[in-house]
Amino acid sequence: MVHPNISVAERKHRSLLEQECRGIFSNTAMPSHDHRHHERVWENAAMLLGRLYDSGMVTDPLMAEKAIIASYFHDTGLTVNPGPDHGTQSRHLCSLFLEKSNLPEDDKREILEAVEKHDDKDYPSMSDPVSLAAIISVADDMDAFGSDAIERYNEIYSMRGIDNASIPEKVIFNVESRMRHLEATYAIFPDLTEQQRRRAETVISHFRKLLK
């Protein structure tokens, strides 16, 4: 059953956020990171947040609203800057949206920080599992696992001018970094980390074969 706070957030925001995200990507051909990626990241974030609400670790009723907004804006800056530092542009686009929101200013700042820093993969050993930043970052990481993520990596790394011969090693490093952070941050959910490890290994195995 979907947690009531998540249902409220979806009723209030999802339709408008999907419309906003589609509009931002309407003139940008980026299948791996367009509005559909943002939908998947929200679904991952909602799953994580549902577990955190059910366990009593998160009690803030607005956390779901903050998470859905951050999910739908985290990669919008790629339409301006396809580099790994696109979080600054994503933050700007999200700030324009939040100008029309009646959320408290502290919550707006929390959303903008999570959006801007979501792709900073120079992780600590673990993050605070109940923080918005960790929820969005890990939800994004989960979309980098599984067979569908193989083409995602090929597309975004090619857009960044990385030559084909260098892509496998860079992907393996990136996936392993994401997975270590997920396992450390959400060790409280061993079934989740085991499932995501299998999905990460699908990507790692594919690119290891290319290295050979």
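See above for the structure.
Residues numbered from 1 in each chain as written. Predicted model: local features only at pLDDT ≥ 70, side-chain atom pairs only at ≥ 80, totals over all residues. Heavy atoms only, no water.

K.L.:
Now, about the packing of helix 1 (residues 4-25) against helix 3 (residues 63-73): what can you tell me, with residues and values included?
P.N.:
One way to put it is that helix 1 packs onto helix 3 with a least axis distance of 9 Å and a crossing angle of 15°. One way to sum up the angle between helix 1 and helix 3 is to call them roughly parallel. Two packed elements cross with a definite hand, and for helix 1 against helix 3 that hand is right-handed. Together, Asn5, Ile6, Ala9, Glu10, Lys12, His13, Arg14, Leu17, Glu18, Glu20, Cys21 and Ile24 of helix 1 and Ala64, Glu65, Ile68, Ile69, Tyr72 and Phe73 of helix 3 make up the contact between the two elements. Of the residues contributing to the contact of helix 1 with helix 3, the split by class is 10 nonpolar, two polar and six charged. (Axes fitted to C-alpha atoms, helices over the stretch in contact; angles between N-to-C directions. Helix = DSSP H or I, 4+ residues; strand = E, 2+ residues; numbered from the N terminus. Parallel < 35°, antiparallel > 145°, perpendicular 65-115°, else oblique. Left-handed = near helix turned anticlockwise from the far one by under 90°. Contact = heavy atoms within 4.5 Å. Nonpolar A, V, L, I, M, F, W, Y, C, P; charged D, E, K, R; others polar.)

K.L.:
Report on the packing of helix 2 (residues 35-55) against helix 3, specifying residues and quantitative values.
P.N.:
Between helix 2 and helix 3, the least distance of the axes is 8 Å, while the angle of their chain directions is 155°. Taken as axis vectors, helix 2 and helix 3 run roughly antiparallel relative to one another. The two elements helix 2 and helix 3 meet at a crossing, and its hand is right-handed. Along its contact with helix 2, which presents His38, Glu39, Val41, Trp42, Ala45, Leu49 and Tyr53, the element helix 3 presents Met63, Ala64, Ala67, Ile68, Ser71, Tyr72 and Phe73. Looking at side-chain class alone, the contact of helix 2 with helix 3 contains 11 nonpolar, two polar and one charged residues.

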